[in-house]
Amino acid sequence: MSLEPQQPTFHRGSFADEIETARTDLARKLLVSESPAASPSESETAPSLSPAASATSSTPESDGAVSPISPPIDDQLVADSFAFAFDIDGVLVRGGRPIPEAVQAMKVLNGANKYGIKIPYIFLTNGGGKTEAERCGDLSRQLDIEISPAQFICGHTPMSEMASKYNTVLVVGGEGEKCRTVAQGYGFKDVVTPGDIIKADAATTPFRKLTPEELRNSRERDFSKVTIEAIFVFADSRDWAGDLQIILDLAMSKGGRIGTLSETFDEGPPIFFSHNDVVWSAAHDNVRLGMGALRGIVEYTFKEVTKGKTLQTHAFGKPQIGTFEFATRLLKRWRMNEHRLNKAPETVYFVGDTPESDIRGTNQYNEKAENDWYSILVKTGVYQDGTEPAYKPRITVNTVLDAVNHGIEREMARRKTNQTKKPHLVDMPKLSLEEAQDCAVFSPMEERPLELTA
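Not measured: the values here are computed from a predicted model.

A.B. asks: Residues and numbers for the overall build of the protein, please.
C.D. replies: Looking only at helices and strands, the protein has twelve helices and 22 strands in total. Here the protein holds 454 residues, and the buried ones make up 45% of them. Within the protein, residue pairs in contact and separated by at least 24 positions form 66% of the contacts whose partners lie at least 6 positions apart. Accessible surface for the protein amounts to roughly 23,200 Å². Of this, 50% is attributable to carbon and sulfur atoms.

A.B. asks: So, helix 8 (residues 240-251): which residues are in play, and what are the values?
C.D. replies: Side chains three or four residues apart in an α-helix point the same way, a direct result of the helix having 3.6 residues per turn. The end-to-end C-alpha distance of helix 8, which contains twelve residues, comes to 16 Å, matching closely the 16 Å that a straight helix rising 1.5 Å per residue would cover. Burial in helix 8 covers these residues: Gly 242, Asp 243, Leu 244, Ile 246, Ile 247, Leu 248, Leu 250 and Ala 251.

A.B. asks: Provide a residue-level description of the pairing of strand 9 (residues 168-172), including the pertinent values.
C.D. replies: Burial runs high along strand 9: five of the five residues are buried. Neither face of strand 9 is open: one carries Thr 168, Leu 170 and Val 172, the other Val 169 and Val 171, and all of them are buried. Across three bridges, strand 9 lies against strand 10 (residues 190-192) in parallel orientation. Among the inter-strand pairings, Val 169 is bridged to a residue of strand 10, identified as Val 191.

A.B. asks: I'd like to hear about the sheet that holds strand 10, residue by residue, with values.
C.D. replies: Within a sheet, each strand pairs with its neighbour through backbone hydrogen bonds, oriented either parallel or antiparallel. Spatially, 10-9-11-12-15 is the arrangement adopted by the five strands of the open sheet, whose pairing is parallel. Pairing within the sheet leaves two strands with one partner each, and these edge strands are strand 10 and strand 15 (314-315). The sheet contact formed by strand 12 (residues 271-273) and strand 15 spans two bridges and is parallel. When the sheet's bridge partners are listed, Phe 273 is paired in strand 15 with Ala 315. Where helix 5 (residues 178-186) meets the sheet, it contacts strand 9 and strand 10, and its direction lies at approximately 160 degrees from that of strand 10. Packing of helix 9 (residues 291-305) onto the sheet brings it into contact with strand 11 (230-233), strand 12 and strand 15, and relative to strand 12 it is tilted by some 155 degrees.

A.B. asks: Account for the nonpolar core, with residues named and values stated.
C.D. replies: Across soluble globular proteins, nonpolar side chains show a tendency to be buried alongside one another. Formed by 39 residues in total, the largest nonpolar core has its most connected members in Phe 84, Phe 86, Leu 92, Met 106, Phe 123 and Val 351. Of all the secondary structure elements, the ones that give two or more residues to this core are strand 2 (77-79), strand 3 (82-86), helix 3 (100-109), strand 7 (121-124), helix 4 (132-143), strand 16 (347-352), strand 17 (372-378) and helix 12 (400-418). With six residues, the top contributor of residues to this core is helix 12. With residues up to four places along the chain from it excluded, the contact list for Leu 92 reads Phe 86, Asp 87, Arg 97, Pro 98, Ile 99, Ala 102, Met 106, Phe 123, Leu 143 and Val 400. Ranked by size, the runner-up nonpolar core spans 26 residues in total, among them Ile 231, Leu 294, Val 298 and Phe 302.

A.B. asks: Go over the environment of Ala 79, please, and point to the residues and values.
C.D. replies: As for its position among the elements, Ala 79 is in strand 2. Overall, the relative accessible area of 0% leaves Ala 79 in the buried class. Note: C-alpha distance between Ala 79 and Pro 345 (266 residues apart in sequence) is 8.9 Å.

A.B. asks: If you had to explain the state of the cysteines to someone new, which residues and values would you point to?
C.D. replies: Counted according to the given criterion, the structure contains zero disulfides. The thiol of Cys 154 is unpaired, and the distance to the nearest cysteine sulfur, on Cys 136, comes to 7.4 Å. Given a relative accessible area of 1%, Cys 154 falls into the buried group. Note on Cys 179: no disulfide assigned, nearest cysteine sulfur contributed by Cys 154 at a separation of 9.9 Å.

A.B. asks: I'd like a description of the packing of aromatic side chains, backed by residues and values.
C.D. replies: Remark: the centre distance and the inter-plane angle together describe each pair of aromatic rings, the angle taken between the planes. On inspection of all chains with the given rule, the structure shows 20 aromatic pairs. Centroid distance Phe 232 to Phe 272: 5.1 Å. Interplanar angle 15 degrees. Geometry classified as stacked. Separated by 40 residues along the polypeptide, Phe 232 in strand 11 and Phe 272 in strand 12 bring together distant segments of the chain. By relative accessible area, which is 0% here, Phe 232 ends up buried. An aromatic cluster is present here, built from Phe 82, Phe 84, Phe 86, Tyr 121, Phe 123, Phe 152, Tyr 349 and Tyr 374 joined pairwise through their rings.

Rules behind the numbers
Residues numbered from 1 in each chain as written. Predicted model: local features only at pLDDT ≥ 70, side-chain atom pairs only at ≥ 80, totals over all residues. Heavy atoms only, no water. Helix = DSSP H or I, 4+ residues; strand = E, 2+ residues; numbered from the N terminus. Buried < 20%, exposed > 50% of the residue type's maximum accessible area, 1.4 Å probe, protein only. Contact = heavy atoms within 4.5 Å. Areas by Shrake-Rupley, 256 points an atom, 1.4 Å probe, with all protein chains shown as cover. Expected span 1.5 Å × (residues − 1). Pairing = 2+ DSSP bridges. Axes fitted to C-alpha atoms, helices over the stretch in contact; angles between N-to-C directions. Core = buried A, V, L, I, M, F, W, Y, C linked by side-chain atoms within 4.5 Å. Disulfide = S-S within 2.5 Å. Phe/Tyr/Trp six-rings, centres within 6.5 Å; stacked < 30°, edge-to-face > 60°.

Below, the structure written as structure tokens:
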């Protein structure tokens with residue numbers, strides 16, 4: 001019985017045409033093409049990317065951009081070689097309102113870019129006075145995105161790591177009882193506020209009288225039995241004169257006992273400020289005084305009152321190295337939990353508006369960090385265009401959107417430059433059709449080894 005050869009299901013013309021089609025398909029699979037557009041080694045312009053799930057086939061992006069890997073099932077690519085960190089006031093928000101370009105910048109980071117990738121990011125602000133969850137809720141509404149407390153650092157967030165060290169603490173600043181709530185949420189066991197002290201002795205602050213609401217919220221204490229172990233300024237003071245008086249009273253006390261006065265003026269509890277920004281960008285056309293100014297006044301006034309003694313206070317927040325170390329740990333957890341990325345990014349782009357804190361801190365931390373912290377200064381906040389910044393960024397741009405686009409395009413260019421060219425086949429033998437009685441056979445027209453080039 002003779003066997004009839006089956007018709008090829010892919011037949012599109014003469015059998016000779018199919019020889020050339022098969023050869024072309026094989027050449028493509030073996031990376032034979034000389035065209036840069038067809039060679040993955042030449043067309044992969046995206047940075048190192050990781051899918052959030054298993055991969056499927058991909059299609060080219062618009063504007064000629066080519067995704068370097070197949071997208072996962074949920075069509076989401078995540079950049080694993082870089083990330084962003086943002087200051088908030090003056091970069092994303094000003095006077096409680098979003099800076100217009102900030103909304104678009106968040107969309108770009110969340111995948112609305114020509115490469116179709118998501119870029120991990122966190123927020124690192126010196127502001128505070130609310131829980132991280134409340135701040136995230138505010139910023140989510142302002143930028144029209146969902147922001148998790150797991151990607152958010154307030155100026156006082158690192159103070160949470162000191163809750164196990166101090167038992168009874170004085171917490172200063174913020175609105176109403178919010179900072180007491182924040183401190184208790186961090187695990188501080190016994191939290192005192194200036195209102196508690198004034199309620200116990202109204203003569204403490206001659207020019208400040210508690211409102212009826214403050215009287216209700218402030219707690220009755222017998223301060224003869226209370227020792228303040230540390231003072232934390234969580235947020236900007238709403239009553240500089242009253243808070244200054246109470247801080248100085250404790251700084252000059254015997255071991256943090258209210259109503260006592262040290263003879264040596266070196267027995268007071270440690271004083272911590274959540275940041276050291278002297279000015280910040282608010283709704284006003286000019287910058288406003290910040291917590292750093294209060295810190296300076298506390299130290300100056302202590303020296304004047306004690307006839308030359310020096311008060312050593314401590315600050316968290318930017319530009320302190322400890323805050324950037326805390327941010328590194330937070331970013332690592334966020335990338336792992338949200339994007340399943342189990343390694344540090346090669347580059348972190350930090351975008352800020354204040355040279356003295358944002359840029360200074362980023363540059364100093366970059367000197368000791370294992371990866372590259374790349375400082376970007378924007379012109380929408382404290383920094384005034386045309387002036388010489390005290391601490392120079394790697395680049396200055398107009399808005400946060402420009403900063404995001406700069407970082408992405410820089411990574412794409414680096415990826416293209418550093419891309420190792422893959423081996424491919426050259427001088428592939430031509431195939432000929434040898435006729436046989438019942439079948440067709442492909443064979444090389446001449447025998448020679450295939451040459452591999454890198």
